[in-house]
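Structure assessment
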Amino acid sequence: MAKASVSPHGNKDLKKGFGKKGEKKVIKASRPVRADWKEGVKKKQVGVSDMTLLTKITNEAINENLMKRWQNAEIYANATLGSYRGKNLLEMPPHVFAIAESAYHHMSSYKENQCVIISGESGAGKTEAAKRIMQYIAAVSGGGQNSSIQEIKEMVLATNPLLESFGCAKTLRNNNSSRHGKYLEIQFNAQGEPVGAVITNYLLEKNRVVGQIENERNFHVFYQLTKAAPPEYQEAYGLQGPESFLYTSRSGCLDVEGINDVTEYGETIKAMDIVGLQKHEQDEIFKMLAVVLWLGNLLFVEDDSGNAAISDPDVANFIAYLLEVDNESLSKALTNRVMETQRGGRRGSVYEVPLNVTQATSVRDALAKAVYERLFEWIVTRVNLSLQSRGGDQYVIGVLDIYGFEIFDDNSFEQLCINYVNEKLQQIFIELTLKAEQEEYVREQIQWTPIQFFNNKIVCDLIEEKRPPGIFAALNDACATAHADPGAADNSFVQRLGFLSSNAHFESRGSKFLIRHYAGEVLYNVEGMTDKNRDSLLKDLLNLAAASSNSFVSQTLFPERIDPNSKKRPPTAGDKIKLSCNALVTKLMQCHPSYIRTIKPNDNRSSSEFNEKRVLHQVQYLGLCENIRVRRAGYAYRTTFEKFVERFYLLCPSTGYAGEYIWHGDPVSGALEILKHNNIPQDEWQMGTSKVFIRHPETIFALENLRDKYWHNMATRIQRAWRSYVRYKHECARKIQRFWRQNKYNIGYLQAREYGHELLGGRKERRRFSLLSMRKFTGDYLDVRSGTGLATMIRNALTLKGGEEVVFSMRGSTLVPRAMRSSIPSPRTLVLTNQGLHVLVTTKNGKMINMTDEKILSLNVISGVSTSTLRDDWIVLHVDNSPDGDTILSCIFKTELITHMAQQTGGRLRVNVDPQIQYKKKGGKSVTMKFVKNEKVPRDDVYKSHVVNVPSGEPANSASFPPCATKPRLTSTSSRKPAARKPAASAARSAPRPKPAASAAASRPLPPIQNNARAAPPPPPPAPATPSLPQFKAIYPFQSEESGEIAFEKDDILEIAEKDENGWWLARKDGKEGWVPSNYLEEYVAPKPTPAPPPPPARRAAPPPPPAPAASTTTKPAAAPVPRSNISPPSVSAPGSTTAPIPVMPGIAAPTANGVPPWKAQLEARKAAAAGNGGSAPTPAPRPVSSSAGAPVPAARRAPPAPGPKPAVPVKPSTMAKPAIPARPGAAPTPAPRAPPRPSSASPPPSNAAASLADAIRARRQQQPQTHESDDEW
Ligand SMILES: Nc1ncnc2c1ncn2[C@@H]1O[C@H](COP(=O)(O)OP(=O)(O)OP(=O)(O)O)[C@@H](O)[C@H]1O
Ligand SMILES: [Mg+2]
């Protein structure tokens, strides 16, 4: 059965692609990127799917096109539901799904109620189309896991098999012909989810219950029940096969090809369950069906007096049993009629008239029809109850599936009603697609050439008009005047029809009349029409039903009670159909309509036959030709200016901005702005008086696409912003975590430091380099806990008790007595544990290095610690009642040692800071140790004969700089350039450096150093006139194309702006600045006399950091000891040792036999190897060890050495991290010193801490004005 789907505005079979042939689309891309509707899938097609593209618009051309597409299976192509989802009508081949999608989209987007009007002849496919629409909407309308919405969907779909069983029957034209009209409205909430539904039923063909023409069937449900009823129904309701009942068997058709009644019965029961019909309700339904079936088997015979008598009383009794009425009453109601005389409008006497067989049969049929019709209506009401809206319904999509136009050999009142409804639907179609549309063009002053069409209003008027009276009015009049005798009434009707003969679409032919419908001429038989129109149930039957003890019969099916005094004429069937049909039209007119026009290809229910004549006829009467003409010349879309601007304002910058509606002009110019901004060609739109008209659907789809893209872009933007926000949040969280972890690790050490300074209470002068940064008190500097090499040696020498753990280790010295002479300092290794202090001595026996635990001082016996007020490193450990006397130590980290001792003793330790210290020598003799300021002492202090000479230190209340920031890693030199070029920075470099204390004072409120007896730094050399920067001469050529580096030739002169200790210097040449390898250069002294040479590179040497523990292992400790400058060389053997103590200071410097540090020796060796391999070409070398004591030392000058990686940027003071620890006590009241939490033993190895300390100091040095002091001062 061919089907032509029609678009919301009657656009038949729209095709994806262009509008008119050859028309060039000039909608140009603008912001955002325009959607291209050509992108759709273009399957090669036969004929045209959009019939507005036909070259010639004639009925024949349309017919031919339909035939071509039918033969190539273009019309019945199986479509997957999902492929139509979200697509517009042009994107996909025409299909019912496309119409459903369009309606659903229109409802969701434009917030308008929708209706889909499906029309066509009986058997053309209306019901199938309606089912597909419901299926589509159920699939796409969301609801997800919402059980209530899913339930509604299931119920809506279940109404199809249920109502088809009760309302469809096999006819000659259609095996599943709808014998009633159905308008199903699905209610949606604001989100487009179905929340309910309402079914409106139109005029069931109840006559079919009591008789069908040959080869047709009764309603399907009778065959389902009689064939498949379960035994309990068979027994209770006396059910047998369909052949046993006259109502189902008389037409001689029990089975239908393609319909399995037994299976269908199961489907019906299932549908009943889904829509919520309870078991007792189902029982009642099937009981009533049994009543109808048995009524058909109730036959009458003529009794002696010629009146009707029931032939088989058992049948009557069984029916009475089923109806739960009295046997007698039933028999009486069927064979007698109660008459009432009326005189002058007054009620007269009542008497009973016996009926003849024909009349009794008619009464029986009337009862059967009434029971079935009322049962059907109740089912619809009951289904509506289940489908009642769950709330929040805002819009509806209505689907109209009504009985199709039909012409039989013998057409009666039913056909008149059916064809009248179809006539009305055609009227709506014409009204909206042809008449109203053209009228609107005129009203809106759109340029328009009118198109002629047949308006079937004249036929509608012929049937329904009151004045002059139409057919229904004539019928009503006939019924009113001759209500007693059906024959007389029919005659009266024929006479009245005579008045209609002036209508060109009407012809009276004796006992028949002809109407020229839009779909063809139909000859109607007058006989029985008035009776059918009257449609009044006999009072006797109503009284019988009311007397039933079954409330389903007396209350539910027959609730009305006869008012004997009422003079109101009950509405006739004609009135009812007219009323409901006009209500339907009103409802449809309020919705945005979509049309599906089904075309029947043949009358033989064949899926392969295309009856050209038959199709051409339908094409003609459907008015497709006119419709296509209007579509072609007309406008596919129109809407008010306000709505247009409201929908598309975002597509134009002057009407929309950032998602906010800001257009303040009038809607007409707003709409114009949008159209013009989007380059919609002038002939593609017209402005009416209140609406904007868009000619082709492609244009509106393109605008819609742009709008979608806009929202999509906005959504993407929001998503991106959200993702960045989440990423940023995580980054911040990680930063906080990292900081916290670092802080957690450092806090113990820094707290220990604070504690130490609290112990000293700002009473002891400070060493300059102690102020460089807040050094962490990490304790185990010799890595005794876990180190290798020397640390292992120390561990082996230590005599530790169980549970004894190292908390501090450091090189230092102790006073050792000499026979007959005063004591002298001697180097020692100091190891503090949680139980005591171990003083270890290292001795050399020949080539053997020996270490012994010389002295163990339990923490329990140390009662106090004394230290001087000056900056010296001496401390005295007072030991009560010890024959050996007190212990005198020198240790550069004396504050830390005191701190750890105080920590380990729980703060019990007494800490004295005095100008002089009294202590006890061996044997108990009390001695005073004096401290004298002596600026001539080059560094640290000098002990001699109980007197310590020490230069001035920094004031006792000096605070350290905040902790150094970690050295940032920068890979590109470009970021360094600005810093290097900073005039301030270079000025700082070349200017004489102020004293560090002064610089500290500049940033922090510290008192200026007074009475500093220490020698002032030498005056800076007078600044050279020119050049301002030190000059160096290239001794090798250096080729480089790397950004940030500069190439030079041998003998080129370069100015050095900055020297980095890792071997890369920032140089300037010919106005360019970049990094150069320092070992390619040698200092250049210009021939002309200069006041002072630039400072030698060695002056910028970094302080030697503590080497990694591994370095100790590679160092031969005994090979060449490098004595610390502040420790005098040993001259006296330690007690108990036969060999002299030697100063081995792991972490400070690693000596080698020939005085060259091992890193230097390795570097030299690598360079020599590189020179040997690469000839004169420099090869990349690993980054020079930055802990080297100075600038890179060029290797043997035979071959250029490989430059190391470029240096990292030193931290500028301004970028330094804020101190993690608050300012030292002073400003705030100092709490009594308490033992701070101890750093966990799981801390990283101290060598790392020492290395980072060295790094920090080195970095600090980069920012501080350089002093002339030696780096290893501290
Ligand atoms: N799209 C289709 N593809 C294939 N067969 C179809 C299609 N539409 C309908 N049919 C066939 O045509 C038969 C009649 O269709 P349907 O019952 O929908 O007609 P109808 O227009 O509702 O007729 P009526 O007015 O009598 O109710 C269906 O039972 C089915 O066999
Ligand atoms: Mg149908």
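As shown above, the structure is provided for reference.
First things first, this report covers the structure right here in the doc.

Reading guide: rules and limits
Residues numbered from 1 in each chain as written. Chains lettered and ligands numbered in written order. Predicted model: local features only at pLDDT ≥ 70, side-chain atom pairs only at ≥ 80, totals over all residues. Heavy atoms only, no water. Helix = DSSP H or I, 4+ residues; strand = E, 2+ residues; numbered from the N terminus. Buried < 20%, exposed > 50% of the residue type's maximum accessible area, 1.4 Å probe, protein only. Contact = heavy atoms within 4.5 Å. Areas by Shrake-Rupley, 256 points an atom, 1.4 Å probe, with all protein chains shown as cover. Donors = N, O, S within 2.8 Å, 3.2 Å for Na, K, Ca; no water. Salt bridge = Lys/Arg side-chain N within 4 Å of Asp/Glu carboxyl O. Core = buried A, V, L, I, M, F, W, Y, C linked by side-chain atoms within 4.5 Å. Pairing = 2+ DSSP bridges. Axes fitted to C-alpha atoms, helices over the stretch in contact; angles between N-to-C directions. Near = heavy atom within 4 Å. Polar contact = N/O pair within 3.5 Å; in protein donor to acceptor, adjacent residues only side chain to side chain. Expected span 1.5 Å × (residues − 1). Patch = residues over 30% accessible without salt bridge, like charges linked within 9 Å, V, L, I, M, F, W, Y side chains within 5 Å. Lys, Arg positive; Asp, Glu negative; His and termini not counted. Charge placed at Lys NZ, Arg CZ, Asp CG, Glu CD. Arc of directions from axis to C-beta. Phe/Tyr/Trp six-rings, centres within 6.5 Å; stacked < 30°, edge-to-face > 60°. Lys NZ or Arg CZ within 6 Å of the ring centre and 35° of its normal.

**Things to note about the overall build of the protein chain**
Looking only at helices and strands, the protein chain has 34 helices and 37 strands in total. Across the 1274 residues in the protein chain, those meeting the buried criterion constitute 53%. Nonlocal contacts in the protein chain, meaning residues at least 24 apart in sequence, comprise 70% of its contacts between residues at least 6 apart. As presented, the protein chain carries roughly 57,600 Å² of accessible surface, and 53% of it is formed by carbon and sulfur atoms.

**Describing the coordination of the magnesium ion (ligand 2)**
Tetrahedral metal sites with four donors have an ideal angle of 109.5 degrees; octahedral sites with six donors have ideal angles of 90 or 180 degrees. Within the protein, the magnesium ion (ligand 2) binds to Thr127 (OG1) and Ser178 (OG); these donor distances fall in the range 1.9 to 2.1 Å. Of this pair, threonine 127 sits in helix H3 (residues 126-140) while serine 178 sits in strand S4 (residues 177-178), placing them 51 residues apart in sequence.

**Focus on the pattern of salt bridges**
Here the structure, examined in full by the defined rule, presents 41 salt bridges. Note that glutamate 281 and arginine 382 form a salt bridge whose closest N and O atoms lie 2.9 Å from each other. Of this pair, glutamate 281 sits in helix H10 (residues 279-296) while arginine 382 sits in helix H13 (residues 357-386), and the two are 101 residues apart along the sequence. Under the relative-accessibility criterion, glutamate 281 is labelled buried at 12%. Residue classification places arginine 382 among the buried positions, given a relative accessible area of 13%. As a salt-bridge pair, arginine 516 and glutamate 521 come within 2.9 Å of each other at their nearest N and O atoms. Given the relative accessible area of 47%, glutamate 521 is considered partly exposed. Among the ionic contacts, a cluster of salt bridges with common partners joins Arg179, Glu205, Arg208, Glu216 and Glu406.

**A closer look at the nonpolar core**
Of all hydrophobic cores here, the largest spans 130 residues; its most connected members are Phe166, Phe222, Leu330, Tyr372 and Phe644. By residue number, the principal contributor to this core is H13, which donates 13 residues. Each residue touching phenylalanine 166, except ones within four places of it in the same chain, is listed here: Leu204, Phe219, Val221, Thr268, Met272, Ile285, Leu289, Tyr372, Leu375, Phe376 and Ile379. Tyr202, Phe429, Leu462 and Val585 belong to the second largest nonpolar core, which has 62 residues in total.

**Comments concerning the sheet that holds strand S16 (residues 637-640)**
One open sheet accounts for 3 strands, arranged S16-S20-S19; its pairing is antiparallel. Single-partner strands in this sheet number two, and they are S16 and strand S19 (685-687). If you compare each strand with its neighbour and ignore which way they point, the axes differ by 15 degrees on average. As judged from the 3 bridges shared by S19 and strand S20 (residues 691-694), these two strands associate in the antiparallel manner. Bridging from a neighbouring strand, glutamine 686 pairs with phenylalanine 693 of S20. Across the face of the sheet, helix H24 (residues 641-648) comes into contact with S16, S19 and S20 while running at roughly 100 degrees to S16.

**Regarding the site of ligand 1**
In the vicinity of ligand 1 there are 17 residues, among which Ser122, Gly123, Lys126, Thr127 and Ser177 approach most closely. Note that an oxygen atom of ligand 1 is positioned 3.3 Å from one of the backbone N or O atoms of alanine 124. In the complex, 76% of the free accessible area of ligand 1, which totals 620 Å², lies under the protein chains. For the shell around ligand 1, the secondary-structure elements that each account for two or more residues are H3 and S4. If you tally residues by element for the shell around ligand 1, the top one is H3, at 3 residues.

**Quick notes on helix H2 (residues 96-110)**
Across its 15 residues, H2 extends 21 Å between first and last C-alpha, which sits within 8% of the 21 Å expected from 1.5 Å per residue. The element H2 is extensively covered by neighbouring structure, given that 13 of its 15 residues are classed as buried. Trailing H2 by a residue or two, lysine 111 shows a phi angle of about 55 degrees, which is positive.

**Re the sheet that holds strand S13 (residues 512-517)**
An order of S12-S13-S14 is seen for the 3 strands of this open sheet, with the pairing classed as antiparallel. The sheet is open, and its two borders are formed by strand S12 (506-509) and strand S14 (520-525), each paired with just one other strand. Across this sheet, the average inter-strand angle for adjacent strands is 20 degrees, counted without regard to direction. Bridging between S12 and S13 involves 4 bridges; their strand directions are antiparallel. Along S13, the bridge assignment pairs phenylalanine 506 with isoleucine 515.

**A closer look at the environment of alanine 308**
The residue alanine 308 is located in strand S8 (residues 308-310) in this model. Placed 48 residues apart in sequence, alanine 308 and asparagine 356 show a C-alpha to C-alpha distance of 4.7 Å. When residues no more than four places from it in sequence are discounted, the contact partners of alanine 308 are Phe300, Val301, Thr335, Leu355, Asn356, Val357 and Ala360.

**Quick notes on the side chain of asparagine 419**
Its place among the elements puts asparagine 419 in helix H14 (residues 413-443). Assessed through its relative accessible area of 0%, asparagine 419 is described here as buried. There is a polar contact of 3.0 Å between the side chain of asparagine 419 and the backbone nitrogen of glutamate 406.

**Quick look at a positive patch on the surface**
A surface patch of like charges, here positive, comprises Arg734, Lys735, Arg738, Arg741 and Lys744. A relative accessible area of 52% places lysine 735 in the exposed class.

**Overview of the side chain of serine 606**
For serine 606, the position within the fold is in the loop between strand S15 (592-598) and helix H22 (612-622). A polar contact of 3.2 Å, which involves the side chain of serine 606, links it to the backbone nitrogen of glutamate 609.

**As for helix H17 (residues 486-497)**
Taking 1.5 Å of rise per residue, 12 residues should cover 16 Å, and H17 covers 16 Å from first to last C-alpha, within 8% of that figure. All of the buried residues in H17 are Ala489, Asp490, Ser492, Phe493 and Leu497. Taken end-on, H17 shows its buried residues confined to a sector of 160 degrees, consistent with a single buried face. Structurally, H17 contributes buried residues whose contacts are with helix H16 (471-481), S12, S13 and helix H18 (529-534).

**With respect to the packing of aromatic side chains**
Summed over all chains, the structure comprises 37 aromatic pairs. Judged by centre distance (5.0 Å) and plane angle (20 degrees), the rings of phenylalanine 219 and tyrosine 372 are stacked. Here phenylalanine 219, found in the loop between helix H5 (207-210) and helix H6 (220-228), pairs with tyrosine 372, found in helix H13; they are 153 residues apart in sequence, far enough to count as distant. Ring pairs connect the aromatic residues Tyr233, Tyr237, Tyr265 and Phe286, which therefore count as one cluster. We note arginine 217 situated over the ring of tyrosine 223; from NZ or CZ to the ring centre the distance is 3.9 Å. In this structure, lysine 1059 packs its charged tip against the face of tryptophan 1065, placed 4.8 Å from the ring centre.

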